There are 4 protein chains.
Amino acid sequence: MSSPGAEDQRKAQADFYAGLEQLYLLPNWAREAESQVAHGPHAAAVPWLWKWSEVRPNILRTVSLVTPEDVERRAIGLINPRLRELGRRGATPTLTAAVQLIMPGEVAVSHHHTPAALRVIMEGKGAYTAVDGERCWMEPGDLILTPAWTFHDHKHEGEGPMIWLDGLDVPLIRSIDSNFFERYPGQRQQALTQPDGASTRRFASAGLRPAAFKWDKPYSPLTRYPWERTEQALQAMIEKEATPFDDLYLEYVNPLTGAAVMPSMGCYAQRLRPGVQTRSHRHNASAVYYVCRGSGYTTIEGKRFEWCQGDVLALPGWHWHAHANGSTTEDAYLISFTDEPLLKYLGIFREQSGE
Amino acid sequence: MSSPGAEDQRKAQADFYAGLEQLYLLPNWAREAESQVAHGPHAAAVPWLWKWSEVRPNILRTVSLVTPEDVERRAIGLINPRLRELGRRGATPTLTAAVQLIMPGEVAVSHHHTPAALRVIMEGKGAYTAVDGERCWMEPGDLILTPAWTFHDHKHEGEGPMIWLDGLDVPLIRSIDSNFFERYPGQRQQALTQPDGASTRRFASAGLRPAAFKWDKPYSPLTRYPWERTEQALQAMIEKEATPFDDLYLEYVNPLTGAAVMPSMGCYAQRLRPGVQTRSHRHNASAVYYVCRGSGYTTIEGKRFEWCQGDVLALPGWHWHAHANGSTTEDAYLISFTDEPLLKYLGIFREQSGE
Amino acid sequence: MSSPGAEDQRKAQADFYAGLEQLYLLPNWAREAESQVAHGPHAAAVPWLWKWSEVRPNILRTVSLVTPEDVERRAIGLINPRLRELGRRGATPTLTAAVQLIMPGEVAVSHHHTPAALRVIMEGKGAYTAVDGERCWMEPGDLILTPAWTFHDHKHEGEGPMIWLDGLDVPLIRSIDSNFFERYPGQRQQALTQPDGASTRRFASAGLRPAAFKWDKPYSPLTRYPWERTEQALQAMIEKEATPFDDLYLEYVNPLTGAAVMPSMGCYAQRLRPGVQTRSHRHNASAVYYVCRGSGYTTIEGKRFEWCQGDVLALPGWHWHAHANGSTTEDAYLISFTDEPLLKYLGIFREQSGE
Amino acid sequence: MSSPGAEDQRKAQADFYAGLEQLYLLPNWAREAESQVAHGPHAAAVPWLWKWSEVRPNILRTVSLVTPEDVERRAIGLINPRLRELGRRGATPTLTAAVQLIMPGEVAVSHHHTPAALRVIMEGKGAYTAVDGERCWMEPGDLILTPAWTFHDHKHEGEGPMIWLDGLDVPLIRSIDSNFFERYPGQRQQALTQPDGASTRRFASAGLRPAAFKWDKPYSPLTRYPWERTEQALQAMIEKEATPFDDLYLEYVNPLTGAAVMPSMGCYAQRLRPGVQTRSHRHNASAVYYVCRGSGYTTIEGKRFEWCQGDVLALPGWHWHAHANGSTTEDAYLISFTDEPLLKYLGIFREQSGE
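Remember, predicted model here, so these are calculated numbers, not experimental data. (Residues numbered from 1 in each chain as written. Chains lettered and ligands numbered in written order. Predicted model: local features only at pLDDT ≥ 70, side-chain atom pairs only at ≥ 80, totals over all residues. Heavy atoms only, no water.)

### Let's talk about the interface of chain C and chain A
Okay, so step 1: Facing 36 residues of chain C, the contacting portion of chain A comprises 36 residues.
Okay, so step 2: A combined buried area of about 3000 Å² lies between chain C and chain A, and 61% of that area is made up of carbon and sulfur atoms.
Okay, so step 3: In this assembly, chain C and chain A are joined by two salt bridges.
Okay, so step 4: Its salt-bridge partner being R202 of chain A, residue E241 of chain C comes within 2.7 Å of it at the nearest N-O pair.
Okay, so step 5: There are 18 residue pairs in polar contact (both at pLDDT 80 or more) connecting chain C and chain A.
Okay, so step 6: Where the side of chain C that touches chain A is concerned, the elements lending two or more residues are α7 (198-202), β13 (208-210), α8 (227-236) and β15 (248-252) of chain C. (Contact = heavy atoms within 4.5 Å. Buried area = accessible area lost by both parts, 1.4 Å probe. Salt bridge = Lys/Arg side-chain N within 4 Å of Asp/Glu carboxyl O. Polar contact = N/O pair within 3.5 Å; in protein donor to acceptor, adjacent residues only side chain to side chain. Helix = DSSP H or I, 4+ residues; strand = E, 2+ residues; numbered from the N terminus.)

### Quick look at the sheet that holds strand β4 (residues 96-102) of chain A
Sheets are built from strands paired through backbone hydrogen bonds, the pairs being either parallel or antiparallel.
Okay, so step 1: With respect to topology, seven strands assemble into an open sheet ordered β14(A)-β9(A)-β6(A)-β11(A)-β4(A)-β3(A)-β1(B), the strand pairing being antiparallel. The two strands at the open ends of the sheet, each matched to only one other strand, are β14 (224-225) of chain A together with β1 (25-27) of chain B.
Okay, so step 2: Alignment of strand β6 (residues 117-123) of chain A against strand β9 (residues 143-146) of chain A, held across four bridges, turns out to be antiparallel. Pairing of V120 of chain A across the sheet is with L143 of chain A, part of β9 of chain A. (Pairing = 2+ DSSP bridges.)

### Notes on the interface of chain C and chain D
Okay, so step 1: In this complex, chain C contributes 78 residues to the contact, which on the side of chain D involves 78 residues.
Okay, so step 2: In total, about 7400 Å² of surface goes out of reach between chain C and chain D, with carbon and sulfur atoms giving 63% of it.
Okay, so step 3: Taken together, the links from chain C to chain D amount to zero salt bridges.
Okay, so step 4: Element by element, the count of residues in the side of chain C that touches chain D is highest for helix α3 (residues 52-65) of chain C, at seven residues.

### Quick notes on the relation of the copies chain C and chain D
Okay, so step 1: For the pair chain C and chain D, the superposition axis carries a translation of 0.0 Å, the fit reaches an RMSD of 0.0 Å, and the rotation angle comes to 180 degrees. Taken together, the rotation angle and the small translation identify this as a two-fold axis. Nearest to the rotation axis, the C-alpha of S175 of chain C is located 3.2 Å from it, this being the minimum over chain C. (Least-squares fit on C-alpha atoms with pLDDT ≥ 70 in both.)

### Section: helix α3 (residues 52-65) of chain D
Turn by turn, an α-helix covers 3.6 residues, leaving residues three or four places apart pointing in a common direction.
Residue and element names in this part refer to chain D.
Okay, so step 1: Along its 14 residues, α3 runs 20 Å from first to last C-alpha, staying within 8% of the 20 Å computed at 1.5 Å per residue.
Okay, so step 2: Taken together, the buried positions of α3 are W52, V55, N58, I59, T62 and L65. End-on view of α3: buried residues confined to an arc of 145 degrees, all on one side of the axis. Of the exposed residues in α3, the ones pointing more than 90 degrees away from its buried face are S53 and S64. (Expected span 1.5 Å × (residues − 1). Buried < 20%, exposed > 50% of the residue type's maximum accessible area, 1.4 Å probe, protein only. Arc of directions from axis to C-beta.)

Set out below in structure tokens:
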């Protein structure tokens, strides 16, 4: 039984708290505030693997269920289970992943928005993404950027379904409440003001740039990174320069500055040589991996996620992880995107090596 | 009455959606996803004014109700009403503001965390903040930085209450799930490894730097910006260089680089000359203003917020606003902090002038 | 006849000047000092063309006349006539050009020096330059960098003479009196610590970099820019992006930063399309051109310099010039180096367009 | 006696050399070319001290001998003896120093040039330098910048002689043949478009900048660094942060970037505490020191140069040197300028500590 003094104190505190609430004040020591400065990341997300064998049939079913006209884009988001519980969206706390489909003859209308986006092509041929006046034909494994506020639309002039993985920084932009969105004025598709694949022509070999080319944007002037070039570069890498955690590991960068392709999202491609098992590490950046070719598994906090071509894997920040190529004869290729550039900008990126 | 075909389609869709949910997939065109790409900022926050006349008595009441030992810090958060409705915290979507108090003889124990913080001193004398080995004595109007992961503690060696305004980027760091926190090991206060006010001595006059000083952090090496210097600089400004929206307007910057004081938060001081009414503008950066001296009002989206010394005002992003000094004889001084550096880094900062 | 007063004044001046001289003082208004602040560049150099048909036989004659052992390098400098008159060296006031030869089985011993150097391969196959542990096989049209203080040596393991053009910033480094030179300790050739062509493997496609690669030097990490890549890039350029003064014009850059390959020297490659005649311009950067393929002429201050493959042309700063491809069917290719990066760093680069 | 074969060889060589000369070719192994890649700096300059007691009477004599109208500027250059032997000018291979005088009522007409200049005020009061529309009143110890291509003129509105030390990068700009010069059009003095001392008002306290101030020049926006601020900053320095070679050592920097004040020249101020003797070091940057106050000596390569107020000392690059304050009770103050920023840009700055 508590003393009368303690009782008075409790009552005084209760009155006090009630008064604060009316004034839109909150004691920082109250339980609901405590969690604001947690003793480590919140684990707002869990590792998760979406199997291509399950995703593909569903995205194909949308063909008969909705049209691009109805829905702006025929895209299915990959939602992290833990984030869904929390009423949030995204594959990780900062990154959205979605699978998008376009059918022959269709157009996904032109728009732009402050969230930055990228696409990794999964399947199909004969469609293009137009970005700020440049038409980029899409082939499997290509990385295509549609940075913040660049107009973009898609059209399919080939045959069969065209499917790709979208990556966006929507959760970040939402959390900072800076979402702007506009349709391209007056037309379904933007004007093509540049030759086809202009930026891929301008920037081909490392260390050669059109002398007169001007650029003042904070993102890469190279819009499409063709898989053919990426694969060649991964093949050419010097084996003794393999990294312990990611084997042969390339960053997609702005060819004019060497910086990440966009301020909020960095992109990587990696080749896991036959039989390779990488060392474990963790970093507070979160990432989404796309299995471009091959099969293997990623062990995250002791749990093994077996993947093969087309699968998508979400890695939350600060989770120990290591990769393994399951084949002893074939390379495996992963393409990933991450919020690492943001954390580095903020000066709070951290990583640890396992043993 | 709908056709049998339409009925079938609805049923097919319902089955489809149910199947997606089990696979942690979400059609992006569903209503709950729609809002992710809104056609403008969400208005996740409203403009709000906390009156010093209401805040001060409440922070003083905490003296008898809680001790720093109990609660880590005796701080009361200023919570934006709209954010509270949404189950979020903060004065704006990215910025926390709180009023903190320390009494003579007390210590607020040393800790560090990935959220960056700053303090603007409101009232009192004889207390200090220690930051990474440097003791900074606090006087009203001073700006003191405790950047991400710098150890900091407070001690009051004077008389009477010492009160200040805390500004943090906690909502941002929470949204990117990168909250780390640690106490200083083994002691309540960190070791003082530098002379008192070392950084304020190192960096006094513009354009003079200790030749041998090395620095590789992404934030300012100047920990305390004394009010005395700020006021002198505001007084010395050239009147014809006044800005239309903020009158005589200074940015606190890193003296080694000219960049914002911290990557996530910029700080400004402004002098509104007697009778000045600024032009209206809006920008997607949100801000928190502290009224350092004088009185006047800020008109936000047509609503007038009358302020005087000690008041704190939250300005959400993308709200039209203009300032007025209510006196025709005295200057008014505001100190503010904002998420502008982050938006500029992301390449999505925007602003518009009113007429 | 001068007045007695004037006579006295002249005598006083003469005494004064004599006194100054003894004290190592010099009136800035004296004639010899006047020229220090001339009213435009001094024209310290003239445009000049060295014909391959004249240079080649002479460099071949050195085979029987001197050995690499005797002379460190079997190189013949191309000396600007006006600079020779002034007792200076170099093809332009800041740039040295020389033609160097190595015969099968020979080694040019390893050394390094503060002057930065580059090589453009003219003729031959089967020899290599080793640069900081990397062996770069040389083929015609390749650009190979040996930046300041990088050890470099050459060896010929093939057949026939191997000839290249050297470009150095020796006149600049001499004028700032910072010439340092050392032989590689204990051996004629440096140790090969990297795989053959390592940097050319690391940096192949634009916008792809080994993620773990660290670099903190002020020059390009790409040592050899193979002609094959340069030619492809020039072929792929978008014709409507041709520049008025240089037609299709590429800068060789640091693939990690987009900066010039070295701080003191920038390098360019250009394709003059059949029949092209560029517009005239002038800039205060001086340059040396190597005719990689084709024939045509460059008009400098009204004088026509007819060139064909292998010729070397010196362009002094601030001389009007324009290029023409003499063929209506074949492209012409020029490779050039220039002191433009230095002038831009100093903030005094200037250029003017002709009519 | 040499063999007939050797004789033939000598003859062949002589013929060969004669032929080369006609073609403006030069064997790099010839003696005159050898020196181009010397095995260390050329020692193109010697250390030298100009005594104020000798310089001052001579600059005062110019009053009766020449007028500013006659001579553009009434300035006497301090010429390094070794450079004079070589037919060059300057106090060091890259830096000019001169003492300039203006008398009451006189004007030194407005002009600009690509060489960058700075002034350190030696004696007098009531005169000003105008730089790009800003009037800077001059007081002893002030540093005033007139960067490349900024219009500048001087006028004396006070009493008695006004004398200062000029520092320029003329030898560098001459060696790269980029000297441009123009008078201000139509007037002897430029228009004053800014308030008096505008830049000194804009940039006063470290870490505070006018928020709306725009600047894109490669030099400091702060034109006058008043001695009063410099002295206060030197007094405030933390003694345990003294450097071994220069005691309490400040760099004058661009307040917006922290970079050297100009790309070609850096400036330093240092306080030698009573009785201090610094350790010896050497670096390839050359420097000119002005003794602002106090007396002492600098030992250069074993030779002692005793200095007192007003003296000017030239330190060539790569010379061992150490400073000593000769007084045990008074501080000594030196202001110096150097070509260090250029060497750092080129990546060839080097320094060594003595024992």
